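Each chain is listed here by its residues.
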Amino acid sequence: MGSTTVLLYSACPREGSTPEEARSALTLGRATAASLGGDLEWFLLGAKPSDAEAIAAEQGVARLHHCAAPELGADTQVAALEAFCAAHAPRIILFCQDFDSRVVAPRLAGRLGAGVVMNAVAIETGEALRVTASAFGGDTRGVYEFTGDGTAVIGLQPNACLPEAAESPSAPESCAFETDLGAVGERIVVIEAASSEGPRLEEAEIIVSGGRGLGASENYHWIEELAEALGGMAGASRPIVDEGWTDASHQVGLTGRITRPALYLAAGISGASQHMAGCGAAKAIAAINKDPDAAIFRYARYGIVGDCLEILPELVRAAKEQRHE
Amino acid sequence: MKIYVFVKRVLDPDAVNNYALVGKLEIGADGRSLTQTAIPDLMNAYDEQALEVALRLRDAGTECTIHVVTVGADRTAILRHAASIGADEISEIVPEDPEVDVHTTAALLAAFVRQKGTPDLVLCGRQASDDDQGVVPALVAEALGLPLVNVAKAIEKHGDSYRVTRVTPDGDEIVAVEGAAVVTLSNEVGDPRYPTAAKKLKARRVSPEVVTASDLGVSGATRTKLVQQFVPDVEQNCEFIEGASPAEIADRLIERLREDRVLP
Ligand SMILES: Cc1cc2nc3c(=O)[nH]c(=O)nc-3n(C[C@H](O)[C@H](O)[C@H](O)COP(=O)(O)OP(=O)(O)OC[C@H]3O[C@@H](n4cnc5c(N)ncnc54)[C@H](O)[C@@H]3O)c2cc1C
Ligand SMILES: Nc1ncnc2c1ncn2[C@@H]1O[C@H](COP(=O)(O)O)[C@@H](O)[C@H]1O
């Protein structure tokens, strides 16, 4: 069996359509495979998305592997990938980085004795395989070189590149990958599942976010009101989540939600790199901060230097007025 | 029971942020290290939280030895801090190459634990605030054949199993794990405790056990090398919106957002 050059791995816990992140990972994978003189392949574990074939063709995928799995716990995923790697020996395995793959990718690397780099934003092939990854919350980028020719495991940051169709679509070969996952016991048993309810910040088109500059817990309602008036969702910086002004599901940033709304309005947020890691991909950032030198203004498209407690109520009024126009 | 806590020394991320903000973050002559001596170093904050959770298990009545381990030379300061708040044992593993990668770090930590005997729990931070990688705990778990529970905020012991509360994007989740496990902790743990002055003073007299890579028989585990580090450019083009009153400023912002079709 020939060995695989670049493989994107996607876990598909439920039926649905291909997430945007997978398309951008395929775009990046296609360029990497081409520079290595090989093919791009895609491995889907679980429920195959209804548009997988179409996306694979659009992205120039040569082979689309699919393996059904009853359950997608981390142990199952690592076992399936281990079996896949034993059969296909990929040079590079790409993961779209999310909560689960942050466990599965490094565990697979450990299982294979492979090298791993997470938070990748670019891949360079030349004499050696090099990956640029974000560090210090985004304040710096590190360039890592893989030292051997073995499999390289790479976790891609959600906004590493924009998806782009291949010059000409491919006719992906569909391959069923069979491996016995029945014997894999999940060592971690969920006894009380997380109760996700309502829309997710990751999908919001408009986010109004507040930080420590709000001054006190009782002022957070201005964020919620403005979010509602604009038809968006409320976000927060980590310190105010830690303080309990709102719950963790609202935290934006490196260790919170990675969002990409059309508008991110930040009030009383300083713009620390770890916060910006979760909103830097917004199409437009508007910021209210009383400090004209605040870091947030480096990223913002629109800036207001002033007291957010004075501006927010007026924004709520203005947003409501324009809605009624 | 035996709890290992793995702690890493990192450059203060807030100080790094401040230097980066004013465009003064310096990269050394090697093209990859941050060389500013004015940036203090400290224990990775998530690792402090991991240690805090170990101490809370003890507070809750679990009889345990807490062993704090770090990879890197001259780490006495953070290890003494650990001792001052309640670590029973402190060890420093000196790698062959000071620029150790995550793979060698994990191999050293796993070999150390193997040499000392089976752990009941291995606690780590969810990620190190310098490299942000969050991979060492998973690599250690694989090397030791243990399950990994990541991004936790609380651990309870129930007989031979643990109940771990994880902070997931969909809210808190409670999982059970039977027997030994690697668990990574997050900031949701809350503030770690401080040492009393007396305990701080007492800790100044303890010295960490020092173990070398060759003592552990670890070599050739390197898989990646940091070859360059740089500060990315941020394109700055902020349009400041002004006005005579908050109401006027607010109206102008909404107007501008509509003009630019950012708002419908
Ligand atoms: C490993 C790691 C991971 C992290 N992950 C995250 C993360 O996921 N998300 C996150 O948010 N942070 C994260 N952080 C923390 C991050 O570094 C910052 O500390 C945090 O984002 C700061 O929050 P803030 O902007 O609300 O508070 P501050 O930095 O205190 O800023 C408050 C701002 O409000 C302004 N202000 C004060 N009063 C007013 C007023 N009346 N009107 C207008 N402006 C006012 C001030 O000028 C200041 O700029 C992480 C840190 C580390 C080390
Ligand atoms: N040099 C080190 N010494 C001890 N523990 C470490 C070291 N590097 C990483 N760790 C542990 O692994 C966690 C994740 O680190 P990283 O994978 O580098 O992001 C840290 O929070 C520590 O608990």
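About the thresholds
Every chain begins its residue count from 1, and numbering advances along the sequence as written. Throughout, the order in which chains and ligands are written sets their labels, letters from A for the former and numbers from 1 for the latter. Per-residue local features are limited, in this predicted model, to residues with pLDDT of at least 70; the limit for side-chain atom pairs, both in listing and counting, is 80 or more; totals at the level of whole chains, interfaces and linings are taken over all residues. Side-chain calculation: all heavy atoms of the structure are included, whereas hydrogens and water are not. By definition, any uninterrupted DSSP run of H or I lasting at least four residues is a helix, any uninterrupted run of E lasting at least two residues is a strand, and each is numbered from the N terminus. For a compact globule the rule gives 2.2 Å times the number of residues to the power 0.38, and the radius of gyration it is set against comes from C-alpha atoms. When a residue's accessible area, from a 1.4 Å probe over protein chains only, is under 20% of the maximum for its type it is buried; when over 50% it is exposed; and in between it is partly exposed. A contact between two residues is defined here by any heavy atoms of the two lying within 4.5 Å. Note that accessible areas follow from Shrake-Rupley with a 1.4 Å probe, and for residues the cover is restricted to the protein chains shown. An automatic or database domain assignment is the source of the domain bounds shown. Any two strands are treated as partners once DSSP identifies two or more bridges connecting them. Between the N-to-C directions of two axes lies an angle of 0 to 180 degrees, each axis being a line fitted to C-alpha atoms and, for a helix, fitted only over the stretch in contact. Residues are counted as near a molecule or strand when any one of their heavy atoms sits within 4 Å of it. Between N or O atoms, a polar contact is any pair within 3.5 Å; within protein, one atom must be a potential hydrogen donor and the other a potential acceptor, and residues adjacent in sequence are included only when both atoms are from side chains. Polar here means any residue outside two lists: the nonpolar Ala, Val, Leu, Ile, Met, Phe, Trp, Tyr, Cys and Pro, and the charged Asp, Glu, Lys and Arg; Gly therefore counts as polar. A carboxyl oxygen of Asp or Glu within 4 Å of a side-chain nitrogen of Lys or Arg is what we treat as a salt bridge. Throughout, nonpolar core names a set of buried Ala, Val, Leu, Ile, Met, Phe, Trp, Tyr and Cys residues whose side chains join them through atoms within 4.5 Å.

A. Representation of the overall build of chain A in the model. The helix and strand tally for chain A stands at nine helices and 15 strands. Taking 2.2 N^0.38 as the reference for a compact globule, 325 residues should give roughly 20 Å; the C-alpha atoms of chain A span a radius of gyration of 22 Å, in line with that estimate. Overall size of chain A, expressed as C-alpha extent along the three principal axes, is 65 × 45 × 40 Å. In chain A, buried positions account for 55% of the 325 residues. Long-range pairs, those at least 24 residues apart, make up 64% of the contacts in chain A with a sequence separation of at least 6. Looking at chain A as shown, the accessible area adds up to about 13100 Å², and 47% of this sits on carbon and sulfur atoms.

B. Region of the structure containing the domain arrangement of chain B. Domain annotation of chain B identifies domain 1 (2–216) and domain 2 (238–264). Here domain 1 of chain B and domain 2 of chain B have C-alpha centroids that lie 46 Å from each other.

C. Region of the structure containing the sheet that holds strand E12 (residues 224–230) of chain B. With mixed pairing, the 10 strands of this open sheet are ordered in space as E9(A)-E3(A)-E2(A)-E1(A)-E4(A)-E8(A)-E5(A)-E6(A)-E7(A)-E12(B). Bordering the open sheet on either side are strand E9 (173–176) of chain A together with E12 of chain B, each of which pairs with just one other strand. Within this sheet the neighbouring strands show an average axis-to-axis angle of 35°, counted without direction. Pairing analysis gives four bridges linking strand E3 (residues 63–67) of chain A to E9(A), with the strands arranged parallel.

D. Spotlight on the site of ligand 1. Near ligand 1 there are 27 residues, and of these A:Arg212, A:Ser237, A:Thr255, A:Ser270 and A:His275 occur at the shortest range. Around ligand 1, the neighbouring residues derive from chains A and B rather than from a single chain. A:Arg212 places a main-chain nitrogen or oxygen 2.8 Å from an oxygen atom of ligand 1. Within the backbone of A:Gly213, an N or O atom sits 3.5 Å from a nitrogen atom of ligand 1. Split into classes, the residues belonging to the shell around ligand 1 amount to eight nonpolar, 14 polar and five charged.

E. Geometry of the pattern of salt bridges. Summed over all chains, the structure comprises 38 salt bridges over all chains. With its nearest N and O atoms 3.1 Å apart, the salt bridge here joins A:Arg111 to A:Glu82. Taken together, the positions of A:Arg111 in helix H4 (residues 101–112) and A:Glu82 in helix H3 (residues 74–88) put the pair 29 residues apart, joining distant regions of the chain. A:Arg111 sits in the partly exposed class, given a relative accessible area of 31%. Here A:Glu82 falls in the partly exposed class, since its relative accessible area comes to 32%. Between A:Glu202 and A:Arg200 there is a salt bridge; the shortest N-O distance is 3.8 Å. Salt bridges sharing common partners tie together A:Asp75, A:Glu82, A:Arg107, A:Arg111, A:Arg187 and B:Glu142.

F. Region of the structure containing the site of ligand 2. All names here are of chain B. Contacts to ligand 2 come from 20 residues, most closely from Phe6, Asp47, Ala128, Gly134 and Val135. A distance of 2.7 Å separates an oxygen atom of ligand 2 from a polar backbone atom of phenylalanine 6. Between an oxygen atom of ligand 2 and a main-chain N or O atom of glycine 134, the distance comes to 2.6 Å. About the coverage of ligand 2: the protein hides 98% of its 470 Å² of free accessible area.

G. Local environment of the nonpolar core. Core analysis: the biggest nonpolar cluster contains 56 residues, and A:Phe43, A:Leu45, A:Phe95 and B:Phe6 have the highest contact counts within it. Among the elements that line this core, the one with the most residues is helix H4 (residues 102–116) of chain B, at eight residues. Residues within four places of A:Phe95 in sequence aside, it is in contact with A:Leu8, A:Tyr9, A:Leu81, A:Ser101, A:Val104, A:Ala105, A:Leu108, A:Val153, A:Ile154, A:Gly155 and A:Leu156. Core analysis: the next-biggest nonpolar cluster, separate from the first, contains 37 residues, A:Leu230, A:Ile240, A:Leu263 and B:Leu253 among them.

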